[in-house]
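Close look at the chain arrangement
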Amino acid sequence: MKTKQPRQRRKNALDRFHELLAEIERLHAAKNFDYAGGGQQGPLGNFNRVSALIRAYPASESWSQPSGVAITYMLKQFDAALILMTTGKTSRTGEGLRQRWLDIACYAIIIMQLLEQEEK
């Protein structure tokens, strides 16, 4: 005699939507811990610090160019590296200090390529 297996509930689109929201929430919380300086400067601290760096340079159209966007991304990695260095904390996403410096080096090369394209 066969034992009847319990019928598994099929996931619907709403279930998957909430699974994805939960995944996004976990990733955001982990990355925000790194970027926000461990809570010392608030949850948007990284944006405030990078904004202050950008404001230190003359305003121009440069920041809206692809190279300017890449510089902004690189500054966010630089900010995360400095936070890890100065607080002694470890990243919750697994991206350590060495990984951040490698990311910065990659962005520097990408920026050089974008600047070459923009000069043509």
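About the criteria used
Residues numbered from 1 in each chain as written. Predicted model: local features only at pLDDT ≥ 70, side-chain atom pairs only at ≥ 80, totals over all residues. Heavy atoms only, no water. Helix = DSSP H or I, 4+ residues; strand = E, 2+ residues; numbered from the N terminus. Buried < 20%, exposed > 50% of the residue type's maximum accessible area, 1.4 Å probe, protein only. Contact = heavy atoms within 4.5 Å. Axes fitted to C-alpha atoms, helices over the stretch in contact; angles between N-to-C directions. Parallel < 35°, antiparallel > 145°, perpendicular 65-115°, else oblique. Left-handed = near helix turned anticlockwise from the far one by under 90°. Nonpolar A, V, L, I, M, F, W, Y, C, P; charged D, E, K, R; others polar. Patch = residues over 30% accessible without salt bridge, like charges linked within 9 Å, V, L, I, M, F, W, Y side chains within 5 Å. Areas by Shrake-Rupley, 256 points an atom, 1.4 Å probe, with all protein chains shown as cover. Salt bridge = Lys/Arg side-chain N within 4 Å of Asp/Glu carboxyl O. Polar contact = N/O pair within 3.5 Å; in protein donor to acceptor, adjacent residues only side chain to side chain. Core = buried A, V, L, I, M, F, W, Y, C linked by side-chain atoms within 4.5 Å.

For the rest of this paragraph, the subject is the overall build of the protein chain. When you go through the protein chain residue by residue, the secondary structure sums to 4 helices and 0 strands. Written out in order from the N terminus, the α and β elements of the protein chain read α-α-α-α. For the protein chain, with 120 residues in total, the buried portion stands at 24%. Considering only contacts in the protein chain between residues 6 or more positions apart, those separated by 24 or more positions represent 56%.

The contact between helix α2 (residues 45-55) and helix α3 (residues 66-87) brings their axes to 10 Å, and the two run at 120 degrees. Accordingly, the angle class assigned to the pair α2 and α3 is oblique. Taken as a pair, α2 and α3 cross one another with a handedness that is right-handed. In this structure, α2 uses Asn46, Phe47, Arg49, Val50, Leu53 and Ile54 to contact α3, whose residues at the interface are Thr72, Leu75, Lys76, Asp79 and Ile83. Its residues placed into classes, the contact of α2 with α3 shows 6 nonpolar, 2 polar and 3 charged.

Relative to the helices and strands, Leu82 resides in helix α3. Remark: the alpha-carbon pair of Leu82 and Leu97, spanning 15 residues in sequence, is separated by 8.6 Å.

Bringing a nonpolar patch on the surface into the picture now. Nonpolar side chains collect at one region of the surface, where Leu53, Phe78, Leu82, Met85, Leu97 and Trp101 lie side by side and expose about 470 Å² of accessible area between them. Of all the secondary structure elements, the ones that give two or more residues to the nonpolar patch are α3 and α4 (97-119). With respect to the helices, strands and loops of the structure, Trp101 is situated in helix α4. Classification of Trp101 by relative accessible area gives partly exposed; the value is 33%.

The subject of this paragraph is the side chain of Glu95. When you line up the elements, Glu95 lands in the loop between α3 and α4. A distance of 3.2 Å separates a polar atom in the side chain of Glu95 from a polar atom in the side chain of Thr93. Leave out the neighbours within four places in its chain, and Glu95 touches Lys31, Leu84, Arg100 and Asp103.

Glancing now at the packing of α3 against α4. Axis separation between α3 and α4 bottoms out at 9 Å; the angle between their running directions is 165 degrees. Taken together, the axes of α3 and α4 are roughly antiparallel relative to one another. Read as a crossing pair, α3 and α4 show a hand that is left-handed. Contact residues: Pro66, Ser67, Ala70, Ile71, Tyr73, Met74, Gln77, Phe78, Ala80, Ala81, Leu84 and Met85 in α3; Leu97, Arg100, Trp101, Asp103, Ile104, Tyr107, Ala108, Ile111, Leu114, Leu115 and Glu118 in α4. Per-class residue counts for the contact of α3 with α4 are 18 nonpolar, 2 polar and 3 charged.

This part takes up the nonpolar core. In terms of nonpolar packing, the biggest core is built from 6 residues, these being Ala70, Met74, Ala81, Ile104, Ile111 and Leu114. If you list the elements that add at least two residues to this core, you get α3 and α4. Excluding its chain neighbours within four sequence positions, the residues that come into contact with Ile111 are Ser67, Ala70, Ile71 and Met74.

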